[in-house]
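Structural overview for review
Here is what each chain is made of, one letter per residue.
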Amino acid sequence: MLKRILLILMCMGCLISAAQNVSSVGASNALTVAGVSKELAEYRAATISNLRYHIKFCIPSQKQTPVRGAEAIRFDLKAPTQVILDFRADNTKVFSVEVNGKSVSYTFENEHIVIPSVATRSGHNVVKVSFEAGDQSLNRSDDYLYTLFVPDRARTAFPCMDQPDLKARYTLNLDLPAEWTAVSNTIVLYDSDQGVSAKSRGKVKGAKDLPACEMFKDESVSSYKSIEFAESEPLPTYLFAFAAGRFSYKSHTEDGRTIGAYYRETDPERISQLPEIFRQVEHALKWQEEFTGVPYPFAKYDLVILPGFHFGGMEHTGATFYNDNTIFLSANPTPDEILSRANLIAHETTHMWFGDYVTMRWFNDVWTKEVFANYFAAEITAPLFPDVNHSLNRLKTYAAAAYSEDRTWFAPLTLANGERLIGGGTSIRQSLGNLRNAGLVYNNIIYNKAPLVMYKLVEMMGPEAFREGIREYVRRFSYGNATWDELVEILDNHTPADVKAFSHAWVDEPGMPTINIGYTDNGALAVEQIDPFGRQLSWPQWFGVMLHKNSCGDTIVNVRLTSDQPHLLLPLPEKWHGAEIVANCDGRGYGIFQTSDAQLFRLLTNWNTITSGTARQATLMNLYENYLAHRITNEEWLSNLASALKTETDPLTASAMCSYLREPMLRLSVDGRAALIAHGDRDQLNRMQLVEAELIKLSTEHPIASVRTQLLRVLMHVGMSRETVSWLRDLWEKADNPLLSERDYMSLSYEVAIRQPADAEEIVAKQRQRIEHPADGKAPNADRLREFDFISRAVLPSRHRLDALFDELLTPEGRRIEPWAARTLSLMNHPLREGRSVGYIRPALEALEDVQRTGDIFFPANWCSALLGEHIGDDVRREVEAFLNAHPDYLPLRRNKVLNGAYGMFR
């Protein structure tokens, strides 16, 4: 231990020495490269402490008018040294910089304000800056705005030290239109409309110590008000947040805790869901307080529900942001949607402890907050829905999403220079040299594979040992930062199991195993775990294999693979020799499970008769992976699904089956159209028409309502025959199916307009009228109308207008509301438009770097998915290959997004 302490002190001394050297010779390239380099982050973390921000924003009523800001940044230095602030803006947006009461001469280098060491001093320092805030992360609309600073976007709005391990306390002042309200991480101390509350008296700082943040000359000062929020707990920059605008508000109080909700929704039926939302938030808070032993560690808990929010939710302390479409459900939600909302609420609430209270040191470990959020979300949600098979649901959600990315390793692509690109999958923990690329680290591996790995870790350690380790972790690093390795060290001390070896296989290495299961000549069960990429890697895991014989029933063989024993031979009683094999029957295993062709055929024929819901879902997923590996044809897979769906009784498994219908239907329809064009052969199209007719019938007769809803959505998307298109048009015209929501009818209008281009203008106009003047007498929702007006342009047939819309999407402003932009791009690349949309592929891929630079964390992947996900033709594949060949040195993290999006055409 003494040696370790001495080593740490020596390293700190080296960093401080380096910092002083840097201050004497000027900024080094490593510190002031664009973005936030790891070198810069380490330099600042070694020299700066006790960080506080006092920030004021002056928000005009017109979104075209810039937001102005002023701040005082307070911190301690161990010695006079150069101070580097991050500000991703033009240097003309910095109006003044003052250090310790004196105006200073600074330099502006590659998105950094560099303050010379001669202006600083040992001990306490105050830097004051006045500036114009960038709009990129303020997400401004006509009558509201909200910030979204994850992972490194705070620096687009105000000068700061934008890294997760420099936690700071924030005091926020806002000048804003008088009719607006505002919400932030902490409580309001002062509102000029209401004055100072008794409990806040003496705490209000005001903004007198900040540089001038002038009111707007073209507007009356009397039309504005001022709000000040209390100082926050220590937060990283990415969690500092506020929203302001025209919002409604409701609250719920239970056991002395009040939870508030700010929202813009106008539909009374959707608003009536707030009590259930509050109940689920309160349940999640109490669950984590009991599990961690730590009371909720922040001043308040509010929800802000936003139209067009970039992703499902964002865990800002005291002001968790949610997308309105994920938090407010339709009148007839499917079980998937109900569970997904509960899981989302539990996920974001868990972040209050894992991510907010304890934060990763660097974004290469961002997965450490996401793994806990999704692992605990599943545990928190389970008691709310006691009738749901939650092991089945984890397979359908986490495992299916993880496979969607991990399996891309099995579709390699060779570039013209001979380099072999092995898919788009990544390890759970990835390397990251600069926060400007942190958004590219986010993927299904960290969100969905990681919690499955956590279940394996808990199984290996035992739940009590795991819990004690987690409690030690949150106590030790409260309001601070930690790495995965520091957590592994803690967990290792609570178990005799080798957590480090487990972590190496599952966390540090990419890919997944192939697991072959069959019989030896003497009837033993042979289980062989193979690393398909020759690394000789072994993944420790346990899972069950069910053996079935009509004469004997079922038996389960427990398989335990370890780092030292990746292959097993398990002797069986003679009566089980040659039994049907149901691999991973308990859903605990992870990998591509393969059996012989004969066993695969038996499974395909009989899988839907398996009585265990978990085993049936696991087998369905194994069959799907074998379908993707071309061991099952499109015709076989589609016929099997359509038949099995008629008798499926579990709505979650039926939901998975509906989602699996899409690909074979699309591929067979495309093949049928090609056969008709090339040879005049209508046989394939006629067969597809019969399948679609069968599914239409099932969409009215299936005993499970949610299955009927999901079948309608599948047919909307991939129904191609003339008869189906006519039926879809009639469904849309009548607009009376109670299973479909207003959003479903919006989507249906897009699909019908693309299929019937001659009527597209009429269809769009009529659907717009429905939104603007609802038939049920409800008030129209202006945000929904804006969304429809934006997206519906993509379904009109005019090539000139489509090209202009595409050019708009290539600009940052044109894709500012990212969910709308992604939906628009996907409609422009609809399967029925493949021939016309080829010309969009290369320019959109060339724009990906800018999409990453200006977009939020999930947008590069969503952009690629919208652009490429529905294409299966050779022309588009050649465009993707040409792009990759033209960019052999393309950033691997970004290239992964392209490869994932293009998986369907390369598999």
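Residues numbered from 1 in each chain as written. Predicted model: local features only at pLDDT ≥ 70, side-chain atom pairs only at ≥ 80, totals over all residues. Heavy atoms only, no water.

**Notes on the packing of aromatic side chains**
Counted by the stated rule, this structure contains 53 aromatic pairs. Seen in terms of ring centroids, Y144 and F247 are 6.2 Å apart; in terms of plane orientation they differ by 70°. Their pairing is edge-to-face. Linking Y144 in strand 9 (residues 144-146) with F247 in the loop between strand 15 (242-245) and strand 16 (248-254), this pair joins segments that are 103 residues apart in sequence. For the pair Y144 and F247, a shared accessibility class is recorded, and that class is buried. Between the aromatic rings of W506 and Y590, the centroid separation amounts to 6.2 Å while the plane-to-plane angle is 65°, which identifies the pairing as edge-to-face. With W506 in helix 14 (residues 499-508) and Y590 in the loop between strand 30 (580-583) and strand 31 (592-594), this residue pair connects regions lying 84 residues apart in the sequence. The class of Y590 is buried, set by a relative accessible area of 2%. Ring-pair connections join several aromatic residues into one group, and the members of that group are W287, F291, F354, F372, Y375, F376, Y455, F466, Y473 and F477. The ring centre of W863 lies 5.9 Å from the NZ or CZ of R815, which sits over that ring. (Phe/Tyr/Trp six-rings, centres within 6.5 Å; stacked < 30°, edge-to-face > 60°. Helix = DSSP H or I, 4+ residues; strand = E, 2+ residues; numbered from the N terminus. Buried < 20%, exposed > 50% of the residue type's maximum accessible area, 1.4 Å probe, protein only. Lys NZ or Arg CZ within 6 Å of the ring centre and 35° of its normal.)

**What to know about the sheet that holds strand 15**
Within the open sheet, the 3 strands sit side by side as 9-15-11. Their pairing is antiparallel. Edge positions in the sheet fall to strand 9 and strand 11 (181-184), since each of these pairs with one other strand and no more. Between one strand axis and the next, the sheet turns by 5° as a mean value, whatever way the strands run. Where strand 9 and strand 15 come together, 3 bridges link them in antiparallel fashion. (Pairing = 2+ DSSP bridges. Axes fitted to C-alpha atoms, helices over the stretch in contact; angles between N-to-C directions.)

**Focus on the pattern of salt bridges**
A complete count under the given rule lists 68 salt bridges for this structure. A salt bridge links R264 to D783, with the shortest nitrogen-to-oxygen separation between them at 3.0 Å. With R264 in the loop between strand 17 (257-263) and helix 5 (268-271) and D783 in helix 24 (residues 782-791), this residue pair connects regions lying 519 residues apart in the sequence. One exposure class covers both R264 and D783, and it is buried. (Salt bridge = Lys/Arg side-chain N within 4 Å of Asp/Glu carboxyl O.)

**Let's talk about the packing of helix 6 (residues 274-292) against helix 9 (residues 367-381)**
Two elements in contact, helix 6 and helix 9, have axes whose closest approach is 10 Å; the angle formed by their N-to-C orientations is 110°. One way to sum up the angle between helix 6 and helix 9 is to call them roughly perpendicular. Remark: the crossing between helix 6 and helix 9 carries right-handed chirality. Residue-level contacts link H283, A284, W287, Q288 and F291 of helix 6 to F376, E379 and I380 of helix 9. Per-class residue counts for the contact of helix 6 with helix 9 are 5 nonpolar, 2 polar and 1 charged. (Parallel < 35°, antiparallel > 145°, perpendicular 65-115°, else oblique. Left-handed = near helix turned anticlockwise from the far one by under 90°. Contact = heavy atoms within 4.5 Å. Nonpolar A, V, L, I, M, F, W, Y, C, P; charged D, E, K, R; others polar.)

**Considering the pairing of strand 20 (residues 320-323)**
Burial of the side chains of strand 20 extends over both faces: T320 and Y322 are buried on one face and F321 and N323 on the other. Pairing of strand 19 (residues 313-314) with strand 20 involves 2 bridges; the strand directions are antiparallel. Bridge pairing links G313 to Y322 in strand 20.

**A closer look at the environment of I327**
One can find I327 in helix 7 (residues 324-327). On the basis of relative accessibility, which here comes to 0%, the residue I327 falls in the buried class. Not counting chain neighbours up to four residues away, the residues in contact with I327 comprise Q273, I277, I305, Y322, R341 and I345.

**Considering the pairing of strand 10 (residues 168-177)**
Most of strand 10 is tucked away, with 9 of its 10 residues classed as buried. As paired strands, strand 1 (residues 48-58) and strand 10 are joined by 8 bridges and run parallel to one another. Counterpart to Y53 in the pairing with strand 10 is Y170. Bridge count between strand 10 and strand 14 (residues 224-229): 5 bridges; the pairing is antiparallel. The residue of strand 14 that forms the bridge with N173 is E228.

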